[in-house]
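Architecture at a glance
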Amino acid sequence: MELAYIPSPSSGAIHLGPLPLRGYALCIIIGVFVAVWYGNKRWIARGGKAGTVADIAVWAVPFGLVGGRLYHVITDYQLYFSEGENWVDAFKIWQGGLGIWGAIALGAVGAWIGCRRRGIPLPAWADALAPGIAFAQAIGRWGNWFNQELYGKPTDLPWALEISEGPNREAGLYHPTFLYESLWCVGVALLVIWADRRFKLGHGRAFALYVAGYCAGRGWIEYLRVDQAHEVLGIRLNVWTSIVVFVLAVAYFVISARLRPGREEIVEPERAGVGVSDGSDTPGASDASSASDALGASDASGSSGASDSGKPDAAKKPEGSAESVPDAGKAGKG
């Protein structure tokens, strides 16, 4: 007799009156909001402008959704293009099916476009967003709970997940791999936040740490899953992907630390002139100011000389007279 277990919802949708709200889509939307909100806070703390993260996310999120769906459909094509399956289902994203690898890869392309348009470095933006993405994944995994999908092997543990009878699934108690991955992603986010504060990670290293940390967890969690998946040498494709991406992320972290130590001082160039006096950010303003100072000094010197030669008594003028002007000008330059 099971003493405890995690129940699954009877439906994948939450009904707000006559309007059905898909639980999977809701989790994705909340996750994106959290990632952008927290990424914005980190970006401002790094010296960037408020709203820049959201502006670039307008490019990154759509690209990421398309990439995630493409990866899922390509690696699980039998679910949509096998005999008896309806290929139209490949477009029904609300039924679940987003591959994180494709989402990150194509999302990075969208982010690169957005960063290019704003003239900011992609690695710095990725560093600011890294823990937010991990939090977003933690929230998004609960969409699998709504759809009763991507669970693990049968288990009698107290936190087993109850799965009801349905298409391509048998009723029973299974490992809640969605919960394992959700908690792991929270841990990865906290790790990145701590490491970034402790070591001042820059030039994409915070993002690389997030990727490596996620891959380390995804490898063993993927091993527990029982859903159909392609295998290479007896190992699930996503496990191989985790291994390869983990190695690449670690290599980038190490090489980047050697080639570009420290953190970017300026992440958004247009903020470099904030706090400077009016006109100082105009090309040539500094040269014009210097020329004006030199000209003023020359005129003051000339007038002083004329006064000395034409009016011998001028040297006897009290302090604060016209002769003290050049000294006053020098004091003002500080």
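Read on for an overview of the structure. Bear in mind that the values here come from a model prediction, so they are computed numbers and not experimental data.

Along its length, the chain carries eleven helices and six strands. In the chain, which comprises 334 residues, the proportion classed as buried is 38%. Restricting the contact set of the chain to residue pairs at least 6 apart, pairs at least 24 apart contribute 70%.

Another point: the packing of helix H5 (residues 122–140) against helix H8 (residues 205–224). Two numbers describe how H5 lies on H8: the axes approach to 7 Å, and their chain directions differ by 25 degrees. Looking at the two axes, H5 sits roughly parallel to H8. Considering only the axes of H5 and H8, their crossing is left-handed. Residues Ala 126, Asp 127, Ala 130, Ile 133, Ala 134 and Gln 137 of H5 touch H8, and the partners they reach there are Arg 205, Ala 206, Phe 207, Tyr 210 and Tyr 214. Residues that form the contact of H5 with H8 fall into these classes: eight nonpolar, one polar and two charged.

Here we come to the nonpolar core. Judged by nonpolar contacts, the single largest core of 33 residues is most densely connected at Trp 43, Trp 125, Val 192 and Tyr 210. Counting residues per element, the ones that place at least two in this core are helix H2 (52–75), helix H4 (100–118), H5, helix H7 (177–199) and H8. Ranked by the residues each element gives to this core, the list is headed by H5, at eight residues. For Trp 125, the contacting residues outside a window of four places in its chain are Trp 43, Thr 52, Val 53, Ile 56, Ala 57, Ala 60, Ala 111, Cys 115 and Ile 120.

When the charged atoms of two side chains with opposite charge come close together, those side chains can pair. Per the stated rule, a full pass over the model turns up eleven salt bridges. The closest approach of N and O atoms between Arg 46 and Glu 264, which form a salt bridge, is 2.7 Å. Placement of Arg 46 in the loop between helix H1 (23–45) and H2 and of Glu 264 in the loop between helix H9 (237–259) and helix H10 (285–310) is noted, with a sequence separation of 218 residues between them. Given the relative accessible area of 12%, Arg 46 is considered buried. The class of Glu 264 is buried, set by a relative accessible area of 13%. Among the salt bridges present, the one from Arg 236 reaches Glu 222, with a minimum N-O distance of 2.9 Å. Taken together, the residues span a long stretch of sequence, with Arg 236 in strand S6 (residues 235–236) and Glu 222 in helix H8 at a distance of 14 residues. In this structure Arg 236 comes out as buried when scored by relative accessible area, which is 9%. Salt bridges sharing partners connect three or more residues here, namely Arg 218, Glu 222, Arg 225, Asp 227 and Arg 236.

Conventions and cut-offs
- Residues numbered from 1 in each chain as written.
- Predicted model: local features only at pLDDT ≥ 70, side-chain atom pairs only at ≥ 80, totals over all residues.
- Heavy atoms only, no water.
- Helix = DSSP H or I, 4+ residues; strand = E, 2+ residues; numbered from the N terminus.
- Buried < 20%, exposed > 50% of the residue type's maximum accessible area, 1.4 Å probe, protein only.
- Contact = heavy atoms within 4.5 Å.
- Axes fitted to C-alpha atoms, helices over the stretch in contact; angles between N-to-C directions.
- Parallel < 35°, antiparallel > 145°, perpendicular 65-115°, else oblique.
- Left-handed = near helix turned anticlockwise from the far one by under 90°.
- Nonpolar A, V, L, I, M, F, W, Y, C, P; charged D, E, K, R; others polar.
- Core = buried A, V, L, I, M, F, W, Y, C linked by side-chain atoms within 4.5 Å.
- Salt bridge = Lys/Arg side-chain N within 4 Å of Asp/Glu carboxyl O.

By themselves, these are just geometric observations and shouldn't be taken as functional.
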